[in-house]
Amino acid sequence: MAAKPSISDIDAQIGKLRERRRVMIAKSAERFARAAIKSGLAEIEISDEEVDRIVEEIAARFRKGEKKGVAHTTASPRRAATGGTGTTAEVSHDG
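It should be emphasised that the depicted structure is a prediction, and the values quoted were computed from it without experimental measurement. Each residue is numbered by its place in its chain's sequence as written, counting from 1. Predicted model: local features are reported for residues with pLDDT of at least 70 only, side-chain atom pairs are reported and counted for 80 or more only, and whole-chain, interface and lining totals are derived from all residues. The basis for the side-chain values is all heavy atoms of the structure; hydrogens and waters are excluded.

Caption draft 1: Geometry of the pattern of salt bridges. A pairing counts as a salt bridge when a side-chain nitrogen of Lys or Arg comes within 4 Å of a carboxyl oxygen of Asp or Glu. The full count for this structure, using the stated rule, is four salt bridges. Glu50 is the partner of Arg53 in a salt bridge, and the nearest nitrogen-oxygen pair spans 2.5 Å. Here Arg53 and its partner Glu50 are both found in helix H2 (residues 48-67), three residues apart, which amounts to about one turn of the helix. Only protein chains enter the accessibility calculation, which uses a 1.4 Å probe; a residue whose area is less than 20% of its type maximum is buried, one above 50% is exposed, and one in between is partly exposed. Residue Arg53 is classed as partly exposed on the basis of its relative accessible area of 36%. Of the charged contacts in the structure, one is a salt bridge between Glu57 and Arg53, with a shortest N-O distance of 2.2 Å. Here Glu57 and its partner Arg53 are both found in helix H2, four residues apart, which amounts to about one turn of the helix. According to the relative accessible area criterion, Glu57 is partly exposed, its value standing at 46%. One salt-bridge network, held together by shared partners, links Glu50, Arg53 and Glu57. Per the convention used, a helix needs a DSSP run of H or I reaching at least four residues, while a strand needs a run of E reaching at least two, with both numbered from the N terminus.

Caption draft 2: Structural detail: the packing of aromatic side chains. Centres within 6.5 Å make a pair out of two Phe, Tyr or Trp rings, where for Trp the six-membered ring is used; the pair is then stacked when the planes are under 30 degrees apart, edge-to-face when over 60, and tilted otherwise. Counted according to the given criterion, the structure contains zero aromatic pairs. Cation over ring: Arg31 sits above Phe32, and NZ or CZ is 5.7 Å from the ring centre. Definition used: whenever NZ (Lys) or CZ (Arg) falls within 6 Å of the ring centre and also within 35 degrees of the ring normal, the charge is taken to sit over that ring.

Okay, here's the thing in structure tokens:
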């Protein structure tokens, strides 16, 4: 029979999991920030609500593909009307 873990053992595990969670969130945020910068999205004047809506649409498109068993869906050729002028040609990729 396995020994019952102590409260301090559980607290230590919780601490480790919280740190892993923090690191995962930070890496995810960095990944999306790089994508936004590279695509020019970070330079476009767009509201947080509009960004949230667009990202949710993208997530829904990929979730839909996962349900069908498709690994990747193709990118839509349409662009959202943002009123901004951020193209990848205008974005510096120098770090």
